[in-house]
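# Residue-level structural notes
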Amino acid sequence: MATPELIEILKQEIYNLAKKEAEEILKEAKINASKIIEEAKQKASEILKSRLEKSLRDIRRTMNSKMMSLRSEKKAELIRVREEYIDKVFNRVYKHLQEFTVNHRNEYSQVLSNLVIESLKEIGEYGDEFVILVNSRDEELLRNILPSLVNVAAKTLGRKITLTIHKSPVEFIGGVIVSTRDGRIYYNNTFEARIQHVKEKYLEKIYDLLFEGRES
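Residues numbered from 1 in each chain as written. Predicted model: local features only at pLDDT ≥ 70, side-chain atom pairs only at ≥ 80, totals over all residues. Heavy atoms only, no water.

## Thoughts on the overall build of the chain
Summing up its helical and strand segments, the chain has seven helices and four strands in all. Listing every helix and strand of the chain by position from the N terminus yields α-α-α-α-β-α-α-β-β-β-α. Of all 216 residues assigned to the chain, the portion counted as buried reaches 27%. Of the roughly 15,100 Å² of accessible surface on the chain, a fraction of 52% belongs to carbon and sulfur atoms. (Helix = DSSP H or I, 4+ residues; strand = E, 2+ residues; numbered from the N terminus. Buried < 20%, exposed > 50% of the residue type's maximum accessible area, 1.4 Å probe, protein only. Areas by Shrake-Rupley, 256 points an atom, 1.4 Å probe, with all protein chains shown as cover.)

## Focus: the pairing of strand β1 (residues 129-134)
Across a regular strand the side chains alternate sides, sitting on one face of the sheet and then on the other. As paired strands, β1 and strand β2 (residues 162-167) are joined by six bridges and run parallel to one another. Note that in β2 the partner of Ile132 across the bridge is Ile165. The pairing of β1 with strand β3 (residues 175-180) spans four bridges and is antiparallel. Pairing of Ile132 across the sheet is with Val178, part of β3. (Pairing = 2+ DSSP bridges.)

## Some points on the nonpolar core
Of all hydrophobic cores here, the largest spans 23 residues; its most connected members are Leu120, Ile132, Leu142, Leu163 and Val176. For this core, the secondary structure elements donating two or more residues are α4 (105-123), β1, α5 (139-144), α6 (146-157), β2 and β3. Ranked by residues supplied to this core, first place goes to α4 with seven residues. Apart from residues no more than four positions distant in its own chain, Ile132 is found in contact with Val116, Leu142, Leu149, Leu163, Thr164, Ile165, His166, Val176, Ile177 and Val178. (Core = buried A, V, L, I, M, F, W, Y, C linked by side-chain atoms within 4.5 Å. Contact = heavy atoms within 4.5 Å.)

## Here's the deal with α4
An ideal rise of 1.5 Å per residue puts 27 Å on 19 residues; α4 measures up with 27 Å between its terminal C-alpha atoms. Looking at α4, one finds that the buried residues are Tyr108, Ser109, Leu112, Ser113, Leu115, Val116, Ile117, Ser119, Leu120 and Ile123. (Expected span 1.5 Å × (residues − 1).)

## Focus on the environment of Ile177
As for its placement among the helices and strands, Ile177 is situated in strand β3. With a relative accessible area of 17%, Ile177 lands in the buried category. It is 6.4 Å that separates the C-alpha atoms of Ile177 and Thr190, two residues lying 13 residues apart in sequence. Sequence-distant contacts of Ile177, that is, excluding residues within four places in its chain, are made with Val131, Ile132, Leu133, Phe172, Tyr186, Tyr187, Asn188, Asn189 and Thr190.

If you want it as structure tokens, here you go:
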């Protein structure tokens, strides 16, 4: 049972017990003077307060005990929960990137251009003819900027090259895969690949940012 639910049940039980005692006290006090009635009310209030404080102390001890048990005996569960939240974070990143590729085409075309040039810097030494694999949604967008892209690539590599665009057989959110003409050497510069790289390289730092001070 979750802790908030446990607290509510205990509070209700304390209230019911105190109310029952208070009603019995007030029932007997009605026979006497108004002063006795006031004393009975005060006593009922003190009983409620005392029992509530004791129950809260017990709840704290129970919570601390459960937390210690969770840390020592259910470390795997903590890791599972941590990874679940990490996945949620990266799923949001994927969603934002997908929305960006659809809703900001002009900006995205510049991103595509930069990703192609970055890929050529990595594998440009392996030939003069390269193939750009792009998803079906971005094929036309990339073809529109291909002439300028060839010029920028030539200036970047210091020689003329040939760029050919092919539709990727596998769909991805965005980005490109650039390969030599024979496909033996390639550079995966899709959004998925870049996110995976970030995840592998900075995972511990991301854990620290999300869960700092939460496992002590």
